[in-house]
Amino acid sequence: MTIKMSMPFPDMDYWGAFMAMGPSPLGKVSDPPEYGRSPLSTGPYKVESFRPSEELVLVKNDAWVADSDPARHQYADKWIFKFAADPTQTDELMLSGNTESQTALSASVTAENYAKFNQDLGDRLVQQSAQCTSFWAPDYEKTTPEIRKALAYAYPYESVWQASGEVPGVTRVPANSVMPPGMAGKSDYQVDGEQITYQPEKAKEILAEAGEEGYEIHMAYNTGSPTTEAAQKQIEKGLTDSGFKVTSYPVPIETSLYTIWTDPDNKINKKLNLRGVNWCSDWPSGSTMIPALLRTGATYNTAFFSEDSIDAKMDEIGTMDLEAQPDAWGALDEQIATEFYPIIPTAFRNDLFAFGEKIGNPTGDGALGAPNYKDLFVAQ
């Protein structure tokens, strides 16, 4: 097979070795949001059932040939992923030591129970850094830089993290850039001279100076989960205390917000002027972060940011000497933030994984920011 590129792609080696590399159908069915709802099974497991944002069940793929795929394994008979599980109930399960918990794993631990997990689980509690950043994405065409800056000071960072079940300072830390820590070329710039924190009075001042007092925010959020609803209450309080007005559109938990945010024709999406996005790099290069989030027309450019000069710069970096590219991505990250401030980094994300007593090789996969699924097994 020969792969032909329309432009230089120096990260081809990374891309070719990436675990998600594989065939996909031709046409619109392979557009990321569509394909994510009905992926093609080519590895050790196939999809038995899938309810987006709720549950995925994988069973052994009888068409998979182990000799052709030595990097992955078929150790478990079945995987059941629950995406909308109550974090508190999940914590209780993992700490119970009962039969169900012994073959379970949790991809998060709540702040409330973090100390107990630390005490009780030993090496079955795994802390791992992740190449991931979370963002607020104000609509670039509907907001100004001043409104976006005010929004950054209106976000109640630690309150939202705690309400979401995260552990401040462990699974969520303050962010300053698009590129996460550990990525080659990352710049340590601060867009406002120092780390932006929740400061509602400062947000009010910025709105007043811009003549935007009472600017109305339109945003969507998921209902049906205690943590998403608790986090939304903290967000709305932060925005209101900062001088904004808020109109929220509740969306059932089984509907992914990305289904709305990435569809320009969606009726709710057309009303929004504030969205969000979480993004993890596929490999440690700015090429896997900045174009995906900020290139004109990119699927996960939920801010709809578009500047021809920035698009051209992204293309130019790909033609530079390999040694020069990391610093060029870091400089572009800083340039975009200081000139346009189109998206607001709300957290660098880290992980806590809890493993049941019968889960063998309890480890994380730093490249994917996830448990080391391919090497886990159930001890008999």
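The following paragraphs examine the structure supplied in this document. Since the structure is predicted, the reported quantities are computational estimates derived from the model, not experimental observations. (Residues numbered from 1 in each chain as written. Predicted model: local features only at pLDDT ≥ 70, side-chain atom pairs only at ≥ 80, totals over all residues. Heavy atoms only, no water.)

Assigned secondary structure in the protein consists of 14 helices and 14 strands. For the protein, the spread of C-alpha atoms along the principal axes amounts to about 65 × 50 × 40 Å. A burial count over the protein gives 44% of its 380 residues as buried. When the accessible area of the protein is evaluated, it comes to approximately 18900 Å², of which 50% is carbon and sulfur surface. Taking the average place of the 30 positive charges on the side chains of the protein and the average place of its 54 negative ones, the gap between the two points comes to 6 Å. (Helix = DSSP H or I, 4+ residues; strand = E, 2+ residues; numbered from the N terminus. Buried < 20%, exposed > 50% of the residue type's maximum accessible area, 1.4 Å probe, protein only. Areas by Shrake-Rupley, 256 points an atom, 1.4 Å probe, with all protein chains shown as cover. Lys, Arg positive; Asp, Glu negative; His and termini not counted. Charge placed at Lys NZ, Arg CZ, Asp CG, Glu CD.)

With 6 bridges joining them, strand β1 (residues 45-51) and strand β2 (residues 55-60) adopt antiparallel strand pairing. Within the sheet, the bridge partner assigned to Lys-46 lies in β2 and is Val-59. In textbook terms, the turn of a hairpin is the stretch between consecutive antiparallel strands, and for β1 and β2 this stretch comprises 3 residues, one of which, Ser-53, has a positive phi near 70°. (Pairing = 2+ DSSP bridges.)

Spatially, β1-β2-β3 is the arrangement adopted by the 3 strands of the open sheet, whose pairing is antiparallel. Strands with a single pairing partner mark the edges of an open sheet, and in this sheet they are β1 and β3 (78-82). With strand direction ignored, the average angle separating the axes of adjacent strands in the sheet is 15°. Both β2 and β3 contribute to a ladder of 5 bridges, which runs antiparallel. Paired with Leu-58 across the two strands is Trp-79, which belongs to β3. (Axes fitted to C-alpha atoms, helices over the stretch in contact; angles between N-to-C directions.)

With respect to the helices, strands and loops of the structure, Asn-301 is situated in the loop between α12 (290-294) and α13 (308-317). Reaching out from Asn-301, the side chain makes a polar contact with the backbone oxygen of Arg-295 at a distance of 3.0 Å. Only 2.7 Å separates the side chain of Asn-301 from the backbone oxygen of Phe-305, close enough to count as a polar contact. Residue contacts for Asn-301: discarding those within four places in its chain leaves Ala-292, Leu-293, Leu-294, Arg-295 and Thr-296. (Polar contact = N/O pair within 3.5 Å; in protein donor to acceptor, adjacent residues only side chain to side chain. Contact = heavy atoms within 4.5 Å.)

With that settled, consider a nonpolar patch on the surface. Taken together, the side chains of Met-1, Ile-3, Met-5, Phe-9, Trp-15 and Met-21 present a nonpolar region at the surface, about 600 Å² in accessible area. Here Phe-9 lies in the segment before α1 (12-17). Of the residues examined, Phe-9 reaches a relative accessible area of 32% and is grouped as partly exposed. (Patch = residues over 30% accessible without salt bridge, like charges linked within 9 Å, V, L, I, M, F, W, Y side chains within 5 Å. Salt bridge = Lys/Arg side-chain N within 4 Å of Asp/Glu carboxyl O.)

Turning our attention to the packing of helix α3 (residues 87-96) against helix α5 (residues 114-121). Axis separation between α3 and α5 bottoms out at 11 Å; the angle between their running directions is 20°. One way to sum up the angle between α3 and α5 is to call them roughly parallel. Helix-helix and strand crossings are classified by hand; for α3 and α5 the assignment is left-handed. Only Lys-116, Phe-117, Asp-120 and Leu-121 of α5 make contact with α3, whose side of the interface consists of Asp-91, Met-94 and Leu-95. When grouped by side-chain class, the residues that make up the contact of α3 with α5 number 4 nonpolar, no polar and 3 charged. (Parallel < 35°, antiparallel > 145°, perpendicular 65-115°, else oblique. Left-handed = near helix turned anticlockwise from the far one by under 90°. Nonpolar A, V, L, I, M, F, W, Y, C, P; charged D, E, K, R; others polar.)

Moving on, we come to the environment of Ala-175. Mapped onto the fold, Ala-175 is located in the loop between β6 (172-173) and α8 (200-209). Separated by 89 residues in sequence, Ala-175 and Asp-86 have C-alpha atoms that sit 27 Å apart. Apart from residues no more than four positions distant in its own chain, Ala-175 is found in contact with Thr-133, Gln-195, Pro-345, Thr-346, Ala-347 and Phe-348.

Quick look at α5 now. Two residues of an α-helix separated by three or four positions point the same way, owing to the 3.6 residues in each turn. For α5, the full list of buried residues reads Tyr-114, Phe-117 and Leu-121. Projected down its long axis, α5 carries its buried residues within an arc of 60°, all on one side. Structural note: α5 exposes Ala-115 and Gln-119 on the side pointing more than 90 degrees away from its buried face. At the exit of α5 stands Gly-122, carrying a positive phi of roughly 60°. (Arc of directions from axis to C-beta.)

What follows covers the state of the cysteines. In total, this model carries 1 disulfide according to the counting rule given. The side chain of Cys-132 participates in a disulfide bridge whose partner is Cys-280; the two sulfur atoms lie 2.0 Å from each other. Between Cys-132 and Cys-280, the S-S torsion sits near 105°, and that sign places the bridge as right-handed. With Cys-132 in strand β5 (residues 125-138) and Cys-280 in strand β9 (residues 274-280), the pair connects residues that are 148 residues apart, well separated along the chain. Looking at Cys-280, the relative accessible area reads 32%, which means it is partly exposed. (Disulfide = S-S within 2.5 Å.)

A few words now on the nonpolar core. A general tendency of soluble globular proteins is for nonpolar side chains to be buried together. Counting 30 residues, the largest nonpolar core has Trp-136, Leu-151, Ile-217, Leu-239 and Phe-244 as the members making the most contacts within it. Elements represented by at least two residues in this core include exactly α6 (145-154), α7 (157-163), α8, β7 (216-223), α9 (226-241) and β10 (344-355). Considering each element in turn, this core owes the most residues, 6 residues, to α6. The contact partners of Trp-136, leaving out residues within four places of it in the chain, are Leu-151, Tyr-155, Met-219, Ile-235, Leu-239, Leu-274, Arg-275, Gly-276, Ile-343, Ile-344 and Thr-346. (Core = buried A, V, L, I, M, F, W, Y, C linked by side-chain atoms within 4.5 Å.)

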